[in-house]
Amino acid sequence: MTMPARSVRSKASPDRGHPRIQELPTRPELSLIKGTGKPGKARHPERGPVAEGAMRLIGWTRTRGNPLLRIMVSVVFLAACMFGSLMLRTQMVQDSFEATRVQHEISNLTQDVQDDQNKLDQLQASLPDKAQQLGMQPQQGLNSIDLQGYKPPQTPQGKAGNP
Amino acid sequence: MSGKETKRFWHLSFCKRSLSVGLILVLVASLALGKLAYIQLFDGRSMAQAAAAGRTVPHAIKAQRGRILDVNGRVLAQSLERYNIVGDPEAAASFIPVNCTKHTGDNCHSIKGHPVGADGAAGVARLLAPALGMNAMELGGKLSVPGRYVVLAKRVTPEVKRAIDKLGLQGIITAELSSERTYPHADLMGALIGGIDDSGKGVAGIEQMENRRLTGSDGYTVYQQGMLGQEIPGTVTRQRNPVNGKDVTLTIDQDVLWYVRQALKSGCERYHADWALAVVQDTRTNEILALADTDDYQAGSDQAKVNSSRAVAETFEPGSVGKTISAAGMLQEQVHSMTDRFTVPDHITLDNQQYKDSFDHGAEHWTLAGIIQNSSNVGMVMAGQNYPDQKRYDYLTRFGIGQVSALGLPGESKGLLTAPQTWDRRTRNTILFGQGYATNAVQLTNAVATLANKGVRSDQTIVRSQGAVKAHPVRVVDEKVAAEVMNAMESVSEKYEKMVKVEGYRVAAKTGTAEVADSSGGLGGIVSDWVGILPADDPHFVVTVVLKNPQSASGVYGGITAGPIFAQIGEFLMQKYQVPTSSPRTDAIPVTW
């Protein structure tokens, strides 16, 4: 099992020969530094980039001794969450109003289609009466041709067509 | 007390009083804060729940009633969304119109650009009257009653409702969703289609018969509503969509029905008949293509709801058409054959009862086919001597006489056919020629369709079934018997060839004329009928035409009055359905000897 690399830095005997790279704490402090970032070892491949970023942020704040910073980060995070939630809620309500308006429009259109269809049906129903008023009559009598026993004449073309 | 001390005393007193008032204010503020904290921290949730519950209301969503269609899918009945306009008289009383200015924009009240000119109910009525097409005074009167709910108009169109929405009368005038049943062919089949009541339930005709299929299932939605009753978006907690009723497709062909009705109306006018009716049945499917009469009831009207289609409700003695049933029974029971010879006088006395033919003639040499062709009552009585009463009854029953048809139409009368034990000496013989029992046109049509279907009787239908059709076929007589009776019926139509002819097609028919009771209760009325099968050589249709009290210079017989109407209908049917023409008749059974 791979263990994350640890390093302990003590400021009890400061090396005066080296330049100071950070303000010294009043007391010696142990801090945990995460692994050196060897691919496939320290990172969790199953975490997404957002989760990874959050973990790094949490890790970073823990390396700092100032609690004010943690509070500020928390407050900013909470404010961002609240703002995001408010934005989402506003958008939802806006979409809901829009959906209601569209639904209302659809309902109106459906009613209009129903009414128009009804008018069309009534006009269609009155067609026979109107045709009769115009003097149109169904065909009277019967004209038919008896084709029993009829044989088509064999034309030269017909012969050519039948091998 | 010096002035300085007085000033000091006054100063102290003022401080004390200010402190007291301040303390009281602090106390009140603390109480308010405490209450606020209690509400917010301990009671907040229940308060919010109570408020939400107060706003949350279930709303019913009405399901639409299904349509009634003809066989070609044409709409015969359908439901449309409509609104009932409801007023709140209490709110109307406190109405003050807002005059239109530059600053009000559209949020004001005016009538064609002019100020409303009245407050309260009168002002609301003036605004509303043009949209509803009602008198403002009348509307004002309706809105001036005590209470908070008054229906101002029923079943207005969505267009009117939208116009009312724009009047700015929210909170005073509301619209409740309703529906209206419309019938595009209202007068064509009023009593047949029937109608619905105010609750939307079918109460007559097809509307009643198919009510279960036509009726849908209402839905509902539960949401929080605003002050004016509008839905607050995103607050729907429960919802069930309505299920609309199913469409019902009839076997009725609107084109055929229209033409048949026209033929009946012109025939009724020509023969000055009280009424006429006709039934057209497809013999191959047993579907009813037309049930027509000359009544002018509008579908959905009160008249259509209280009356039934004459084709099922009107009963009459079939007269000589009944001879076909008697002849079929005699042949099936081998009492006679169609070629049996009879010498038939024009009257006969049997059991002290005299029977006459409808016309005077000498002793004629007729076969049984000839007796049917000449519609001889005396001949039928002679032929029926060895035909037992029970058989007479059995065959009438097997042909469907005296029984309600399978159509299931409300208001159908099953007719009247009493048991043979109750028949007197005369009735047992009049039964042979279609008198002494009563039937309706639908029963009579199916009885003749049984002969056209080679002796098999099946259930008629007027509604297109979605599944397999259960026709319940029953063999009544042998195929040979049915063919011989049809042969004799063809001889009947040949006799009437000059008056009743469908050019190019052979017809097997039987005429009937019977005396019926008139309004005085005596036998003063006449029913003339004609039932025909066409084409006789390849039956496609059976058509029955019945006239009540026809008057014609040539006579009142069915062959003379109902026959020509039959021919007119038959010609139309042959052309519409492109039925192949008949082949010449070669197998006629002799009618004389």
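Residues numbered from 1 in each chain as written. Chains lettered and ligands numbered in written order. Predicted model: local features only at pLDDT ≥ 70, side-chain atom pairs only at ≥ 80, totals over all residues. Heavy atoms only, no water.

### A look at the overall build of chain A
Put simply, the rule is: For the purposes of this entry, the term helix denotes a DSSP run of H or I that reaches at least four residues, the term strand denotes a run of E that reaches at least two, and both are numbered from the N terminus. Throughout this description, buried means an accessible area under 20% of the type-specific maximum (1.4 Å probe, protein chains only), exposed means over 50%, and partly exposed covers the range between. Areas reported as accessible are Shrake-Rupley estimates using a 1.4 Å probe. Residue values count occlusion only from the protein chains shown.
Across its full length, chain A holds three helices and zero strands. What you see in chain A, going N to C, is helices and strands ordered as α-α-α. Here chain A, with 163 residues, has 7% of them falling under the buried criterion. With an accessible surface of roughly 15000 Å², chain A has 61% of that area assigned to carbon and sulfur atoms.

### A few points about the pattern of salt bridges
Any two side chains of opposite charge can pair if their charged atoms end up close together. Residue and element names in this part refer to chain B. This is how it is decided: Salt bridge, as applied in this entry: a Lys or Arg side-chain nitrogen positioned within 4 Å of an Asp or Glu carboxyl oxygen.
Following the criterion strictly, the structure yields 28 salt bridges over all chains and no others. Put simply, E180 and R82 hold a salt bridge, and the shortest N to O gap is 2.9 Å. You can see E180 sitting in strand β5 (residues 173-182) and its partner R82 sitting in strand β3 (residues 75-87), a full 98 residues away along the chain. Across the pair K265 and D296 runs a salt bridge whose closest N-O atoms are separated by 2.8 Å. In this pair, K265 is assigned in helix α9 (residues 254-270) and D296 in the loop between β12 (288-293) and α10 (302-306), connecting sequence segments 31 residues apart. Owing to a relative accessible area of 44%, D296 belongs among the partly exposed residues under this scheme.

### Focus: the confidence of the model for chain B
Applicable threshold: Each residue gets a pLDDT score, which is the predictor's confidence in that residue and runs from 0 to 100.
Overall, the prediction assigns chain B a mean pLDDT of 89, with 98% of residues at 70 or greater. As a predicted assembly, this complex carries a pTM of 0.77 together with an ipTM value of 0.75.

### A closer look at helix α19 (residues 558-576) of chain B
All names here are of chain B. Rule in force here: Expected span of a helix: the number of residues minus one, times 1.5 Å. One fitted axis covers the seven residues ending at a residue, a second covers the seven starting there, and the bend at that residue is the angle between these axes.
Counted at 1.5 Å a residue, the expected span for α19 with its 19 residues is 27 Å, and the 25 Å between its end C-alpha atoms agrees. Along α19, the helix axis deviates most sharply at P564, where the bend reaches about 25 degrees. Looking at the residues trailing α19, positive phi occurs at Q578, about 50 degrees.

### What to know about the state of the cysteines
Here, disulfide denotes a covalent bond that connects the sulfur atoms of two cysteines. All names here are of chain B. Condition: Pairs of cysteine sulfur atoms within 2.5 Å are what we label disulfides.
If you walk through the whole model with that rule in mind, you get one disulfide over all chains. Paired by a disulfide, C100 and C108 hold their sulfur atoms 1.9 Å apart. Every disulfide takes its handedness from the sign of the S-S torsion; for C100 and C108 that torsion is 90 degrees, giving right-handed.

### Section: the sheet that holds strand β8 (residues 219-224) of chain B
Residues and elements named next belong to chain B. Definition in use: For two strands to count as paired, DSSP must find a minimum of two bridges between them. Every angle, taken between N-to-C directions, lies between 0 and 180 degrees, and every axis is a line fitted to C-alpha atoms, over only the stretch in contact when it is a helix.
Ordered by their spatial adjacency, three strands build an open sheet running β1-β8-β9, and the pairing between neighbours is antiparallel. The open sheet terminates on both sides in strands that have one partner only, identified here as β1 (56-61) and β9 (238-240). For this sheet, the mean angle separating the axes of adjacent strands, direction not counted, is 25 degrees. Sheet analysis places β8 next to β9, joined by three bridges and oriented antiparallel. From the neighbouring strand, V222 faces β9, where its bridge partner is R238.

### Considerations on the packing of helix α17 (residues 441-452) of chain B against helix α18 (residues 479-495) of chain B
Residues and elements named next belong to chain B. Put simply, the rule reads: Note that the term roughly parallel is reserved for angles under 35 degrees, roughly antiparallel for angles over 145, roughly perpendicular for angles of 65 to 115, and oblique for everything else. Two residues qualify as a contact provided that any one of their heavy atoms is within 4.5 Å of a heavy atom in the partner residue. Side-chain classes follow a simple rule in which Ala, Val, Leu, Ile, Met, Phe, Trp, Tyr, Cys and Pro form the nonpolar group, Asp, Glu, Lys and Arg form the charged group, and the remainder, Gly included, forms the polar group.
At a minimum axis separation of 8 Å, α17 and α18 run at an interaxial angle of 110 degrees. Considering the angle they form, α17 stands roughly perpendicular to α18. On α18, the residues that touch V448, L451 and A452 of α17 are A482, V485, M486 and M489. A per-class count over the contact of α17 with α18 returns seven nonpolar, no polar and no charged.

### Points about the packing of aromatic side chains
All names here are of chain B. Convention followed: Aromatic rings from Phe, Tyr and Trp, with only the six-membered ring used for Trp, were paired whenever their centres fell within 6.5 Å, and each pair was classed as stacked if the ring planes differed by under 30 degrees, edge-to-face if by over 60, and tilted otherwise. Lysine NZ or arginine CZ positioned within 6 Å of the ring centre and within 35 degrees of the ring normal marks a charge as sitting over the ring.
Counting across every chain of the model gives seven aromatic pairs over all chains. On the numbers, 6.4 Å between centres and 80 degrees between planes, the contact of Y355 with F433 is edge-to-face. Of this pair, Y355 sits in strand β16 (residues 353-356) while F433 sits in the loop between α16 (427-430) and β18 (439-440), and the two are 78 residues apart along the sequence. As far as burial versus exposure is concerned, Y355 and F433 are alike and both buried. A centroid spacing of 5.5 Å and a plane angle of 35 degrees characterise the contact between W530 and F566, whose relative ring orientation is tilted. With W530 in strand β22 (residues 525-534) and F566 in helix α19, this pair connects stretches of sequence that are 36 residues apart. The pair W530 / F566 is uniform in exposure class, with both members buried. The rings of Y496, W530 and F566 are connected pair by pair, giving a single aromatic cluster. Taking NZ or CZ as reference, R398 lies 4.7 Å from the ring centre of Y395, over its face. Over the ring of Y577 we find K576; its NZ or CZ atom is 5.5 Å from the centre of that ring.

### Some details on the pairing of strand β11 (residues 275-282) of chain B
Residue and element names in this part refer to chain B. Here β11 lies mainly inside the structure; eight of its eight residues are buried. In β11, alternate side chains face the same way, and those of W275, L277, V279 and Q281 on one face and A276, A278, V280 and D282 on the other are all buried. Relative to β12, β11 is paired through five bridges, and the arrangement is antiparallel. If you follow V280 over to β12, its bridge partner there is A290. Counting the residues that bridge the hairpin from β11 to β12 gives five residues, and of these N286 lies at a positive phi of roughly 60 degrees.

### Some words on the interface of chain A and chain B
Stated formally: Buried area: the sum, over both parts, of the accessible surface (1.4 Å probe) that disappears when the two are put together.
Counting residues at the interface gives 22 residues for chain A, matched by 27 residues for chain B. Summed over both partners, the interface of chain A with chain B buries about 2200 Å², with 47% contributed by carbon and sulfur atoms. Between the two partners, chain A and chain B, sit two salt bridges. Between D115 of chain A and R82 of chain B there is a salt bridge; the shortest N-O distance is 3.1 Å.

### Comments concerning the sheet that holds strand β23 (residues 541-548) of chain B
Strand pairing in a sheet takes place through backbone hydrogen bonds and is either antiparallel or parallel in direction. Residues and elements named next belong to chain B. Pairing within the open sheet is antiparallel, and its five strands lie in the order β12-β11-β23-β22-β21. The two strands at the open ends of the sheet, each matched to only one other strand, are β12 and β21 (508-516). Mean inter-strand twist for the sheet, computed between neighbouring axes without regard to direction, equals 10 degrees. Together, β11, β21, β22 and β23 form the strand contacts of α19, whose direction differs from that of β22 by roughly 35 degrees.

### Side note on the UniProt feature "coiled-coil region" (unreviewed entry) in chain A
Rules: UniProt positions are given in the numbering used here, feature names are shortened, and annotations may be inferred rather than shown by experiment.
Under the UniProt annotation, the feature "coiled-coil region" (unreviewed entry) is placed at residues 99-126 of chain A. In this annotation, residues 99-126 of chain A is assigned 100% helix and 0% strand; the end-to-end C-alpha distance for the span is 40 Å.

### Details of the domain arrangement of chain B
Residue and element names in this part refer to chain B. What counts is decided by this rule: Throughout, the edges of the domains are those of an automatic or database domain assignment. Here a polar contact is recorded for every N or O atom pair within 3.5 Å, except that within protein the pair must consist of a potential hydrogen donor and a potential acceptor, and residues adjacent in sequence are included only if both atoms are side-chain atoms.
You can read the domains of chain B as domain 1 (61-96 + 118-223 + 236-249) and domain 2 (254-577). Look at where the C-alpha atoms of domain 1 and domain 2 centre, and you get two points 46 Å apart. Counting each side, the surface lost to burial between domain 1 and domain 2 is near 2200 Å², with a carbon and sulfur contribution of 62%. At the boundary of domain 1 and domain 2, one finds one salt bridge. For D255, the salt bridge goes to R74, with nearest N and O atoms at 2.8 Å. Where domain 1 packs against domain 2, one counts eight residue pairs in polar contact (both at pLDDT 80 or more). Within the residue set of the side of domain 1 that touches domain 2, elements represented by two or more residues are α6 (190-193), β6 (195-196), β7 (202-204), α7 (205-209) and β10 (248-249). Grouping the constituent residues of the side of domain 1 that touches domain 2 by class yields 14 nonpolar, seven polar and five charged.

### Notes on the UniProt feature "transmembrane region" (unreviewed entry) in chain A
Per the UniProt record, "transmembrane region" (unreviewed entry) is annotated on residues 68-88 of chain A. Helix makes up 100% of residues 68-88 of chain A and strand 0%. Its end C-alpha atoms lie 30 Å apart.

### Brief notes about the environment of A290 of chain B
Residues and elements named next belong to chain B. Mapped onto the fold, A290 is located in strand β12. Considered as a pair, A290 and S519 are 229 residues apart in the sequence and their alpha carbons are 28 Å apart. Ignoring sequence-local partners within four residues, the contact set of A290 consists of I252, V256, L257, V260, A278, V279 and V280.

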